[in-house]
Amino acid sequence: MPGMRELVVKLLTSGKQVFLVSGGFRQMIAPVANEIGVPVNKIYANNIMFDEEGKYAGFDDTEPTSRSGGKAEAVKRIKASNGFQTVVMVGDGMTDLEARVEGGADAFICFTGVVRRDAVAEGADLAVGEMAQIMDLLL
């Protein structure tokens, strides 16, 4: 996504912390996180497990994102473990919006720059289509 690395770098440089919360698999998310500058220890995602022969052995069901409501649970954990008073979630899907619950994300910004999902945009605190708009809001 053009502008994503720049956004992450500016947020980190300004003293903010950035986490990547995904319903995808850590093995596929980690290279993306690395590319945009999000440290691997700031990723909340599902984890595919393999047996000693390298065959698929399931997924780690202790990951909060492995179940319904998982992104909200991940945000709650992020807040609690870091002592954050305020967390802003940015995303484009319904499960991102669902993180905007009591004890979870305090605000949700719907990013419509790739795809606009009307129900998500309508439920968001703000909907924006450009990465620069997110920078302006968060910096």
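Residues numbered from 1 in each chain as written. Predicted model: local features only at pLDDT ≥ 70, side-chain atom pairs only at ≥ 80, totals over all residues. Heavy atoms only, no water.

J.: Even after reading the chapter, I still don't get the overall build of the protein, so can you show me in this structure?
T.: From N to C terminus, the protein includes 6 helices and 7 strands. Counting helices and strands in the order they occur from the N terminus, the protein gives α-β-α-β-β-β-α-β-α-β-α-β-α. Computed over its C-alpha atoms, the radius of gyration of the protein comes to 15 Å, within 12% of the 14 Å expected for a compact globule of 139 residues. On the principal axes, the C-alpha backbone points of the protein span a range of 50 × 35 × 30 Å. Taking all 139 residues of the protein together, 37% fall into the buried category. Of the roughly 7,900 Å² that the protein leaves accessible, carbon and sulfur atoms contribute 53%. In the protein, which carries 14 positive and 19 negative side-chain charges, the distance between the mean positions of the two groups comes to 4 Å. (Helix = DSSP H or I, 4+ residues; strand = E, 2+ residues; numbered from the N terminus. Rg over C-alpha atoms; globule rule 2.2 N^0.38 Å. Buried < 20%, exposed > 50% of the residue type's maximum accessible area, 1.4 Å probe, protein only. Areas by Shrake-Rupley, 256 points an atom, 1.4 Å probe, with all protein chains shown as cover. Lys, Arg positive; Asp, Glu negative; His and termini not counted. Charge placed at Lys NZ, Arg CZ, Asp CG, Glu CD.)

J.: Please explain the packing of aromatic side chains as it appears in this structure.
T.: The geometry of an aromatic ring pair is captured by the separation of the ring centres together with the interplanar angle, meaning the angle of the planes. A full pass over the atoms with the stated rule returns 2 aromatic pairs. Look at Phe 19 and Tyr 44: their rings are 6.5 Å apart centre to centre, the planes differ by 55 degrees, and that puts the pair in the tilted class. Here Tyr 44 lies in strand β2 (residues 43-46) and Phe 19 lies in the loop between α1 (4-13) and β1 (20-25), a separation of 25 residues in the sequence. By relative accessible area, which is 17% here, Tyr 44 ends up buried. (Phe/Tyr/Trp six-rings, centres within 6.5 Å; stacked < 30°, edge-to-face > 60°.)

J.: Would you mind going over the confidence of the model for the protein with me for this structure?
T.: Should pLDDT be low for a region, the predicted coordinates there are not to be read in detail. Averaged over every residue, the pLDDT of the protein is 95; residues scoring 70 or more account for 100%. Looking at the elements of the protein, mean pLDDT is at its lowest for strand β4 (residues 56-59), recorded as 93, and at its highest for strand β6 (residues 107-111), recorded as 98. (pLDDT = per-residue confidence, 0-100.)

J.: Explanation requested: the packing of α1 against helix α2 (residues 26-36) in the structure shown.
T.: Two numbers describe a pair of packed helices, the interaxial angle and the distance between the axes. Two numbers describe how α1 lies on α2: the axes approach to 8 Å, and their chain directions differ by 65 degrees. Compared by their axis directions, α1 and α2 come out roughly perpendicular. In this structure, α1 contributes Met 4, Arg 5 and Val 8 to the contact, and α2 contributes Asn 34, Glu 35 and Ile 36. (Axes fitted to C-alpha atoms, helices over the stretch in contact; angles between N-to-C directions. Parallel < 35°, antiparallel > 145°, perpendicular 65-115°, else oblique. Contact = heavy atoms within 4.5 Å.)

J.: What's the story with the sheet that holds strand β7 (residues 126-128) in this structure? I'm lost.
T.: Backbone hydrogen bonds hold the strands of a sheet together, and the pairing may be parallel or antiparallel. With parallel pairing, 3 strands are arranged side by side in an open sheet as β5-β6-β7. Of all strands in the sheet, those with a lone pairing partner are β5 (88-91) and β7, marking the two edges. On average, adjacent strands in this sheet sit at an angle of 20 degrees to one another, irrespective of strand direction. In this sheet, β7 lies alongside β6 in parallel orientation, the contact comprising 3 bridges. By the bridge assignment, Cys 110 is partnered in β7 with Ala 127. (Pairing = 2+ DSSP bridges.)

J.: Help me understand the side chain of Asn 46 in this model?
T.: Relative to the helices and strands, Asn 46 resides in strand β2. Reaching out from Asn 46, the side chain makes a polar contact with the backbone oxygen of Gly 23 at a distance of 2.6 Å. Apart from the residues lying within four places of it in its own chain, the contact partners of Asn 46 are Ser 22, Gly 23, Gly 24, Phe 25, Arg 26, Gln 27, Glu 63, Thr 65 and Ser 66. (Polar contact = N/O pair within 3.5 Å; in protein donor to acceptor, adjacent residues only side chain to side chain.)

J.: When you look at the nonpolar core in this model, what are you seeing that I'm missing?
T.: The tendency in soluble globular proteins is for nonpolar side chains to be buried side by side. Ranked by internal contacts, the top residues of the largest apolar core, which has 18 residues, are Leu 7, Leu 20, Val 38, Met 131 and Ile 134. When contributions to this core are tallied by element, the ones reaching two or more residues are α1, α2, β2, β6 and α6 (131-138). With 4 residues, the top contributor of residues to this core is α6. In contact with Met 131, not counting residues within four places along its chain, are Met 1, Pro 2, Gly 3, Met 4, Leu 7 and Phe 111. Among the nonpolar cores identified, the runner-up in size contains 15 residues, and Ala 74, Met 89, Leu 97 and Ala 99 belong to it. (Core = buried A, V, L, I, M, F, W, Y, C linked by side-chain atoms within 4.5 Å.)

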